[in-house]
Amino acid sequence: MYIAMNRFKVQNGSEQDFENVWKGRDSTLHEMKGFREFHLLRGPANDADGYTLYASHTVWASYDDFSAWTKSENFRAAHKNAGQNKVLYLGHPQFEGFSVVEGA
Ligand code: HEM
């Protein structure tokens, strides 16, 4: 299994707008081979630095299935409006990918 996460530092005050972008999106992830799960995660607020941490979290059967999605028309379509939402978060999102070593 492979877990792909993208972390966003969402500006204080933009949390609801950011969540609405994800709630309102038109997702076809479930059509992809090897796709298992998606969650949008809200982490702790960092008031000193003015943001709340969020992560998009996907679980895939394998790294190859994840990689194929990133090269697909499905990925391009999912991100066609992403640039318009940059005002909501600080800097660039940070990608982290994990191979599952052990689990239940
Ligand atoms: C390999 C890198 C990336 C991964 C793994 C990733 C992951 C995801 C996933 C799983 C979704 C939901 C797609 C769906 O339901 O169909 C999504 C949507 C989204 N991604 Fe990414 N993403 C990546 C790169 C980026 C970058 C570079 C940005 C910012 C420029 C970004 C911003 C967004 C936004 C704002 C959405 C919400 C969809 C919308 O705007 O309608 N992503 N991403």
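As shown above, the structure is provided for reference.
Residues numbered from 1 in each chain as written. Predicted model: local features only at pLDDT ≥ 70, side-chain atom pairs only at ≥ 80, totals over all residues. Heavy atoms only, no water.

1. Thoughts on the coordination of the iron atom of the ligand
- Among all protein atoms, only His79 (NE2) binds the iron atom of the ligand, sitting 2.0 Å from it.
- Tracing the backbone through its elements, the reader meets His79 in the loop between helix H3 (73–78) and strand E4 (89–99). (Donors = N, O, S within 2.8 Å, 3.2 Å for Na, K, Ca; no water. Helix = DSSP H or I, 4+ residues; strand = E, 2+ residues; numbered from the N terminus.)

2. A word on the packing of aromatic side chains
- Using the criterion set out here, one finds 16 aromatic pairs in the structure.
- Between Trp22 and Phe38, the aromatic rings sit 5.8 Å apart at their centres with planes inclined by 10°, giving stacked as the arrangement. Of this pair, Trp22 sits in helix H1 (residues 15–23) while Phe38 sits in strand E2 (residues 35–46), placing them 16 residues apart in sequence.
- Overall, Trp22 belongs to the buried group, its relative accessible area being 18%.
- Relative accessible area serves as the criterion here: at 23%, Phe38 is assigned to the partly exposed category. (Phe/Tyr/Trp six-rings, centres within 6.5 Å; stacked < 30°, edge-to-face > 60°. Buried < 20%, exposed > 50% of the residue type's maximum accessible area, 1.4 Å probe, protein only.)

3. Observations concerning the layout of surface pockets
- Here the largest pocket defines a volume of roughly 880 Å³.
- Forming the walls of the largest pocket are 34 residues, and the residues nearest its centre are Trp22, Arg25, Ala78, His79 and Ala82.
- Looking at the lining of the largest pocket, the elements that each hand over two or more residues are strand E1 (2–11), H1, strand E3 (51–60), helix H2 (63–70), H3 and E4.
- Here the lining of the largest pocket takes 5 residues from E4, the largest share from any one element. (1 Å grid on protein atoms, 1.4 Å probe; cavity = no way out; pocket = protein on both sides within 12 Å on 5 of 7 lines; lining within 4 Å. Points joined across faces, edges and corners; volume = space filled by probe spheres on them.)

4. Details of the pattern of salt bridges
- Scanning all chains against the criterion turns up 5 salt bridges.
- Lys23 is paired through a salt bridge with Glu19; the nearest N and O atoms lie 3.8 Å apart. In this pair, Lys23 and Glu19 are both assigned in helix H1, 4 residues apart and thus about one turn of the helix distant.
- Its salt-bridge partner being Glu19, residue Arg42 comes within 2.5 Å of it at the nearest N-O pair. Note that Arg42 is positioned in strand E2 and Glu19 in helix H1, a separation of 23 residues in sequence.
- Linked by salt bridges that have partners in common, Glu19, Lys23 and Arg42 make up one network. (Salt bridge = Lys/Arg side-chain N within 4 Å of Asp/Glu carboxyl O.)

Note that all results are geometric; they support no functional claim without further evidence.
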